[in-house]
Structure formats: C-alpha cells, structure tokens
Amino acid sequence: MQVSQRIGGILGGGSDGWDVFNRARDMIGDGVAVTELTIGEHDIRTAAPILQDMHRAAMAGHTGYAAVPGTNALRDTVAKRVQDRTGVKTTRDNVLITPGGQSALYAAHMVTCDAGDTALYLDPFYATYPGTIRGVSCTPRRIATRAEDAFQPRAADIAAAAEGAKSLLINSPNNPTGVVYSRATLEGIAQVCTDHDLWLISDEVYDTQVWEGEHISPRALPGMAERALVVGSMSKSHAMTGSRCGWIIGPEDVIGDLINLATHTTYGVPGFIQDASVYALEQGTAFEEEIADPFRRRRAIAQRVLAGQNTVSLVPSQGAMYLMLDLRSTGMSGEEFANALLDAHQIATMPGESFGEAAAGHLRVAMTIEDDAFEAALKTLCAFAQTCAQG
Ligand code: PMP
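What counts, and at which threshold
Residues numbered from 1 in each chain as written. Predicted model: local features only at pLDDT ≥ 70, side-chain atom pairs only at ≥ 80, totals over all residues. Heavy atoms only, no water. 1 Å grid on protein atoms, 1.4 Å probe; cavity = no way out; pocket = protein on both sides within 12 Å on 5 of 7 lines; lining within 4 Å. Points joined across faces, edges and corners; volume = space filled by probe spheres on them. Helix = DSSP H or I, 4+ residues; strand = E, 2+ residues; numbered from the N terminus. Nonpolar A, V, L, I, M, F, W, Y, C, P; charged D, E, K, R; others polar. Near = heavy atom within 4 Å. Polar contact = N/O pair within 3.5 Å; in protein donor to acceptor, adjacent residues only side chain to side chain. Areas by Shrake-Rupley, 256 points an atom, 1.4 Å probe, with all protein chains shown as cover. UniProt positions renumbered as here; feature names shortened; annotations may be inferred. Buried < 20%, exposed > 50% of the residue type's maximum accessible area, 1.4 Å probe, protein only. Pairing = 2+ DSSP bridges.

**Student:** Give me the lowdown on empty space enclosed by the protein, citing residues and values where you can.
**Tutor:** In total, this model carries two cavities of 30 Å³ or more according to the counting rule given. In this structure, the largest cavity encloses a volume near 40 Å³. Tallying contributions element by element places strand β5 (residues 165–171) first for the lining of the largest cavity, with three residues. Classifying every residue of the lining of the largest cavity gives seven nonpolar, two polar and no charged. Lining the second largest cavity we find Leu 122, Asp 123, Pro 124, Thr 145, Phe 151, Asn 174, Thr 177 and Tyr 181. Across the lining of the second largest cavity, the residue classes break down as four nonpolar, three polar and one charged.

So this is what it looks like as structure tokens:
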C-alpha cells in the first residue's frame, strides 16, 4: 500500500539532520560514554511541586476530556502573561492551548496557508520547520540569513523572497543561532509583512532565555496584532518538555478557526497538565529565571573558555540554550567536524548544516550538561579544533 505523498514528502527527500545525534545514541546503546551536547532538553527534570500539583489535579478528577480550546484558567493565565509582557490587550479569546509548541507551529501554518501555498522561513532554522510546512501541503521557501550579520535577518532579503508567499515564520530568541532579533530587525520584518500581506508566525518558545538585549514580541509592533500568530510553550521556560503544553496567540476569529482544527485533531490537552501549567506560571518570573539560570551560567563559562583561543568563534550568544560556534577556520564542514569530534572524544554536537546551509561550517552546542563537564567538553572541543586547523 502507498502512503500519501504529503506524508512521504515531509522530509523533502533529504536527511533530517539527525545523523550525528543518532550515531551518538547508537554508541551510548553499545555502552560508550558519550558527552551529549545535542538536543534542547534541560539537565534538570520538571520541579517536584509542579508534579505534585499535576498529581493533585488528576486525583481531584481532572482526567476526563478537557475543554478543547484549553481550560478557562489556563487561557486566562496565558493571556495575562502575554498582556503583561507585551502591553497588547489579550484575553482568553486570543488563546488556544495546544499539545506543545510543535503542534502550535503546525496549526498556525494550517490556519494561514492553503494547500500549494508558499510559506517562508529563515535559514538557519529549527529542524522541524520545513517539514511542518510540507506537512500542511505547502511549499517551504528558505531565506538565508548571513553569518556576517550574526544571523540577524535582513528585511530586504525577506522582501525579495516574499512574492506570492502567504506566511513568514520567525524565531527569536533563535534556535540554533542563539541570536535575539533587535527592534530594528523586527520592525523591518513587520514592514515586509504589511507590504506583502503576509501572516507572521512568531515562535517565541525561548522568550524567558535572554542573556543580552530584550525579547520583543512582533505582535506588539503597530498593526501587527491582526496578522501575527505567536507560538509559546511551557517546555523551555518551565522545564516541562514532556508535558506537551503550549499555545497560539492570535486574533479572536483565527483562534475560533483553530479551535475547529483542534476539535478534529488533538481534541485538547489533558486537564491535569493544564492545571499544573497554571500552577507553574503562577510561580512567576523568579522561578523562570531559576530555570534559565544554568544556561546563563554556562554561556559565561563558554565566553571565558573561547576567549583563550582563536580557532573557534562564538556567534553572539544573546539567548536560548545553545551556542553557535563558527569553525570555518578549520576548513572543515560542521558535519565533518561533528563526526570527527564524536569519534575522537565521544562528544556529540549538532552540525550547523543540520539547521540549514546558512549555518555551514558551524556547530550547535546545547548547554545542557552540568557546568564542570560542560567546561571540560568545550576545552576539549577547542583543542581539537586547533589540531584540525593545523591540519
Ligand atoms: N520551536 C523551537 C525553536 C524549538 O527549539 C522547539 C523545541 N526544541 C519547539 C518550537 C517545540 O517545542 P515544544 O513542542 O516542546 O513546545
């Protein structure tokens, strides 16, 4: 039997970029001790009080079907959070609760683009982006950002690619580059969206992980609330990756359409997860800073380690739980370097090429292991790069 072309085409015929990661997991399966600096998962687990609240909610009977758009309590809590952080009036009618940010990305493209439409995204990109667009039967159109601009997008590059497109997907703080888009960048993007009548899908799942500058939600820019869909998630801000709880913020009528989609796809998010998410959000910003703090610390460690050599350079690390390292001075591709580092030192990283051609010759390092081990791994990586550069 033949599966649909839509499903068969999700990967676009190429590699999914996870080869080094999979090889590392195979080595671990064979008993090799591998230092994993690959995926965006905290090295701490969800805090016990959040789990206790989840348990309380489940024992209190919140185990049946929950309201498809999300519980009123969580929608209100998310709306208040968004309004407080952005100043844009936001009510529960602007909020759909989703099973994580990933399904929100899918739903946001589903509600803005028809089959066959073109959807724009920026390179380097989070690994699922092109597949998400293909998954809704649309054509992804890649727009390269440039290493020489520290991967801040140029509005002119987006405008040049915008003809005939329906939507633009952006992500700040950015995975994989760690770059936070400046106000000027976002104003330029907003202008292109207005000029070309594009929906803006803004993935803000790292909004609590900002080390430099400030997080600006483009929905708060003039005229943007009517054309912006913002994706958020409990995963990164509250170390709740496995709970699968996220949201989309958008205009009321779009949220109404998204509720129809949710009714026919996910049928909502478990009530006990939503209750625990309300509890987690009520812990306030001090708790969110506590979750973000290990990455802030490790970024400082990385800046110190990298200052002591000149083979590897750090793309300005302004936010998110990753470092983007420029290895072009070694003359190797990110893929070659990541494979060689794994073989020589059992340190697993992600080649820049896994996130698009614009990140060729780079390496993404997740800051997701304990400080001392992280520092030791980075020192080994730098020494190895030096050996490679000397050929
Ligand atoms: N967007 C970006 C940029 C991400 O890095 C991730 C997860 N790594 C997601 C969305 C999805 O996160 P989740 O589905 O866990 O909310």
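**Student:** Tell me about the site of the ligand, residues and numbers included.
**Tutor:** Looking at the ligand, there are 15 residues lining it, with Gly 101, Asp 203, Ser 233, Ser 235 and Arg 244 nearest. Between an oxygen atom of the ligand and a main-chain N or O atom of Gly 101, the distance comes to 2.6 Å. Ser 235 has a polar side-chain atom sitting 2.6 Å from an oxygen atom of the ligand. Compared with its free state, where it exposes 410 Å², the ligand has 93% of that area covered by protein. Secondary-structure elements contributing two or more residues to the shell around the ligand are α5 (100–112) and α9 (234–237).

**Student:** Give me the UniProt feature "domain: Aminotransferase class I/classII large" (unreviewed entry) in the protein chain: which residues, what numbers.
**Tutor:** As recorded in UniProt, the sites labelled "domain: Aminotransferase class I/classII large" (unreviewed entry) are residues 41–380. Helix makes up 42% of residues 41–380 and strand makes up 16%, while its end C-alpha atoms are separated by 22 Å.

**Student:** So what about the pairing of strand β2 (residues 95–98)? Which residues, and what values?
**Tutor:** Residues Val 95 and Ile 97 line one face of β2 and the alternating positions Leu 96 and Thr 98 line the opposite face, and both faces are buried. Pairing analysis gives four bridges linking β2 to strand β8 (residues 246–249), with the strands arranged antiparallel. The residue of β8 that forms the bridge with Val 95 is Ile 249.

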